[in-house]
Amino acid sequence: DRTNVCEDTPPRAAGSTTRGPMGKRGAPGDAFSFPKACTAIYRRTLRTLMSLAAQQCAPARALLGGHAVEGAYYFSFSEGPPMSRADVEALSDAFHRLVDADLPIETRRVPFADALAYFQSAGLAASASLLETRVSNPVELYAVGEHLRLKLFPLLASTGAVAEQRPALIQGHGGAFLVFYNPNGALHQYSPSSTLMRSFGAHKAWGEVHRTRCVG
């Protein structure tokens, strides 16, 4: 079923744009008011696609964060060197390939043992930990190509559906990165709060010192 889950979205007015705040692949574009009924589903789909892109680019590293910072999400990796500009560009390219492919986001019912084995083999320790607390069998998962994710909330019908508002990656602080999603302005006008960015960095450092883990 490829029907968009946001069925109550009103039709676009004549002449309205479907380009996001950055347009395609970072080109400045016109602002687009994304339907409010779909905002939460859009953002959750965006974060899911970022996790898929990270799995493709850095399968041995765990993606952390997804914290909301004004009009963006803040991500970092659990270990390894800080992200370079080339790393961010590779991650951005992987993300846009997923969007351009317009892959269906399908629901599958998978035997518990098979689902757990997938997350463990893929190095998705947080998903494996969450799955171990569940008692249902089979388990409902989202399938995107060859990748699987826990079905925790509604997502858009396909990876291409986020092209309604094309997001772009920008370099963040401390070797992390931001995924911009705010529909109310262009990226070149956006500057993340330095106070929030410092607080996220301090919180991550505190968690590493105390070996604190959160899986959701």
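Structure first, text after, so check above.
Residues numbered from 1 in each chain as written. Predicted model: local features only at pLDDT ≥ 70, side-chain atom pairs only at ≥ 80, totals over all residues. Heavy atoms only, no water.

I'm lost on the overall build of the chain in this one. Help?
Along the backbone of the chain there are five helices and seven strands. Each of the 216 residues in the chain was classed as buried or not, and the buried ones make up 43%. Across the chain, every contact between residues at least 6 apart in sequence was considered, and the portion connecting residues at least 24 apart equals 69%. Working note: accessible area of the chain is about 11600 Å², and carbon and sulfur atoms make up 53% of it. (Helix = DSSP H or I, 4+ residues; strand = E, 2+ residues; numbered from the N terminus. Buried < 20%, exposed > 50% of the residue type's maximum accessible area, 1.4 Å probe, protein only. Contact = heavy atoms within 4.5 Å. Areas by Shrake-Rupley, 256 points an atom, 1.4 Å probe, with all protein chains shown as cover.)

What is the right way to look at unusual backbone geometry in this model?
A negative phi holds for most residues other than glycine; trans holds for most peptide bonds. Residues Asn 137 and Pro 138 are joined by a peptide bond in cis, for which omega reads 5°. Checked against the element boundaries, Pro 138 lands in the loop between α4 (125-132) and β4 (139-144).

Can you walk me through helix α2 (residues 85-101) in this structure?
Since the α-helix advances by 3.6 residues per turn, residues separated by three or four positions end up pointing in the same direction. The end-to-end C-alpha distance of α2 is 24 Å, a good match for the 24 Å that 17 residues give at a rise of 1.5 Å each. When we look at burial in α2, the residues that qualify are Val 88, Leu 91, Ser 92, Ala 94, Phe 95, His 96, Leu 98 and Val 99. A positive phi of about 50° marks Asp 102, the residue just after α2. (Expected span 1.5 Å × (residues − 1).)

Before we go on, may I ask you to explain the side chain of Gln 55 in this structure?
Structurally, the position occupied by Gln 55 is in helix α1 (residues 39-57). Exposure remark for Gln 55: the relative accessible area of 13% places this residue in the buried category. A distance of 3.4 Å separates a polar atom in the side chain of Gln 55 from a polar atom in the side chain of Tyr 118. (Polar contact = N/O pair within 3.5 Å; in protein donor to acceptor, adjacent residues only side chain to side chain.)

What am I meant to see in the pattern of salt bridges here?
Side-chain pairs of opposite charge can arise where the charged atoms are in close proximity. This model, assessed by the stated rule, comprises two salt bridges. Here Glu 140 makes a salt bridge to Arg 109, at a shortest N to O gap of 3.4 Å. Taken as a pair, Glu 140 in strand β4 and Arg 109 in strand β3 (residues 106-110) lie far apart in primary sequence, 31 residues in all. Relative accessible area serves as the criterion here: at 34%, Glu 140 is assigned to the partly exposed category. Each of Arg 109, Glu 140 and Lys 151 takes part in salt bridges that share partners, so that together they form one network. (Salt bridge = Lys/Arg side-chain N within 4 Å of Asp/Glu carboxyl O.)

Just checking my understanding: could you explain the nonpolar core for this structure?
Soluble globular proteins: nonpolar side chains tend toward being buried together. Of all hydrophobic cores here, the largest spans 29 residues; its most connected members are Leu 46, Met 50, Leu 91, Phe 95, Val 162 and Phe 177. If you list the elements that add at least two residues to this core, you get α1, β2 (72-77), α2, β4 and β7 (177-180). Looking at this core element by element, the count peaks at eight residues for α1. The next biggest cluster of nonpolar side chains, apart from the first, holds 14 residues, and it includes Ala 115, Leu 116, Leu 124 and Leu 141. (Core = buried A, V, L, I, M, F, W, Y, C linked by side-chain atoms within 4.5 Å.)

What exactly am I supposed to notice about helix α3 (residues 112-121) here?
Buried within α3 are the following residues: Ala 115, Leu 116, Tyr 118 and Phe 119. Buried positions in α3, seen along its axis, are confined to an arc of 160° and lie on one side of it. The outward face of α3, more than 90 degrees from its buried face, is lined by the exposed residues Ala 113 and Ser 121. Those residues of α3 hidden inside the fold are in contact with α1, β3, α4, β4 and β5 (147-150). The positive-phi residue at the C-terminal boundary of α3 is Gly 123, with phi of around 75°. (Arc of directions from axis to C-beta.)

Explain the environment of Ala 143 to me, please; I cannot follow it from the model alone.
Its location among the elements puts Ala 143 in strand β4. Residue Ala 143 is classed as buried on the basis of its relative accessible area, which comes to 1%. With 36 residues separating them along the chain, Ala 143 and Thr 107 place their C-alpha atoms 6.2 Å apart. Beyond its immediate stretch of four places on either side in the chain, Ala 143 contacts Pro 104, Ile 105, Glu 106, Arg 108 and Leu 148.

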